[in-house]
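Here's the letter readout for the chains.
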Amino acid sequence: MLTNILSIALGAILINNFIFSQFLGCCPFLGCSSKVDTATGMGLAVVFVMGLASAICWVVDTYILVPLGLDFLETLAFILVIAALVQFVEMFLKKMVPSLYTALGIYLPLITTNCAVLGVVLLNVQNHYNFIESVVYGITGGLGFMLAIVLFASVRERIQFADYPECFEGFPICLVSAGLLALAFMGFSGMQIFG
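None of these values were measured; they are calculated from a predicted model.

Conventions adopted
Residues numbered from 1 in each chain as written. Predicted model: local features only at pLDDT ≥ 70, side-chain atom pairs only at ≥ 80, totals over all residues. Heavy atoms only, no water. Phe/Tyr/Trp six-rings, centres within 6.5 Å; stacked < 30°, edge-to-face > 60°. Core = buried A, V, L, I, M, F, W, Y, C linked by side-chain atoms within 4.5 Å. Buried < 20%, exposed > 50% of the residue type's maximum accessible area, 1.4 Å probe, protein only. Helix = DSSP H or I, 4+ residues; strand = E, 2+ residues; numbered from the N terminus. Contact = heavy atoms within 4.5 Å. Patch = residues over 30% accessible without salt bridge, like charges linked within 9 Å, V, L, I, M, F, W, Y side chains within 5 Å. Areas by Shrake-Rupley, 256 points an atom, 1.4 Å probe, with all protein chains shown as cover. Salt bridge = Lys/Arg side-chain N within 4 Å of Asp/Glu carboxyl O.

Draft legend 1. Local environment of the packing of aromatic side chains. Counted according to the given criterion, the structure contains nine aromatic pairs. With a centroid separation of 5.9 Å and an interplanar angle of 80 degrees, the aromatic rings of Trp58 and Tyr63 are classed as edge-to-face. Taken together, the ring pairs in this structure connect Phe20, Phe29, Phe152, Phe185 and Phe188 into an aromatic cluster.

The following block contains the structure:
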């Protein structure tokens, strides 16, 4: 059991990273990664929403949708749960951390439609994870997202002072940098954690 949970955790962070391996959640990844502190705040918000969404959606799926034969409503139910969670996070940040709320701007409500958050709960169902495995996958998937966005933000901060061709100015150099980071994470693919 412990090795299975460790495999899920390391897999979600490194091997099957939502950004670099599955290409889910690229919108906030590219939009909120200009500064490390903003990227860290977005990453923490995504970790919180992914972990809580995994737990709540597992309960909704296991005890409401499946027993009633409403499996076909999983995606709709999961989107509603995620939207409610994001509203909670938005209200909390507006009240408790207004500077982070302002820095995240439009990208905070976009967590509702962040395909990485929806992807984690759908993958929990697809992989038939139990409650603990679902929560671990949600939290570590969020940590993998946070790792990716913070690494990318630190690279983008350094790129501002780099000398590169003028045709790469702005978004093209960001895409090249993201591609290089994704290649670095590809080094983990095929890795076996426990044989």
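Further notes follow.
Draft legend 2. Main features of the nonpolar core. Counting 51 residues, the largest nonpolar core has Phe20, Phe29, Met42, Ile111 and Tyr137 as the members making the most contacts within it. Mapped by element, the contributors of at least two residues to this core are helix H1 (2-15), helix H3 (36-65), helix H4 (74-96), helix H5 (98-104), helix H6 (115-126), helix H7 (131-159) and helix H8 (171-186). The element contributing the most residues to this core is H3, with ten residues. When neighbours within four sequence positions are excluded, Phe20 is seen to be in contact with Phe29, Ala148, Ala178, Leu181, Ala182 and Phe185.

Draft legend 3. Molecular detail of unusual backbone geometry. For Phe23, which is not glycine, the phi dihedral falls at a positive 55 degrees. Within the element layout of this structure, Phe23 appears in the loop between H1 and helix H2 (26-31). For Phe23, a relative accessible area of 55% corresponds to the exposed category. For His128, which is not glycine, the phi torsion reads 55 degrees and is therefore positive. Assignment of secondary structure puts His128 in the loop between H6 and H7. Residue classification places His128 among the exposed residues on the basis of a relative accessible area of 70%.

Draft legend 4. Quick look at a nonpolar patch on the surface. A surface patch of nonpolar side chains, amounting to about 710 Å² of accessible area, comprises Met1, Val59, Tyr63, Ile64, Leu68, Phe131 and Ile132. Listed by contribution, the elements that provide at least two residues to the nonpolar patch are H3 and H7. In terms of residues, the nonpolar patch owes the most to one element, H3, which gives three residues. As for its position among the elements, Met1 is in the segment before H1. Residue class for Met1 comes out exposed when judged on its relative accessible area of 57%.

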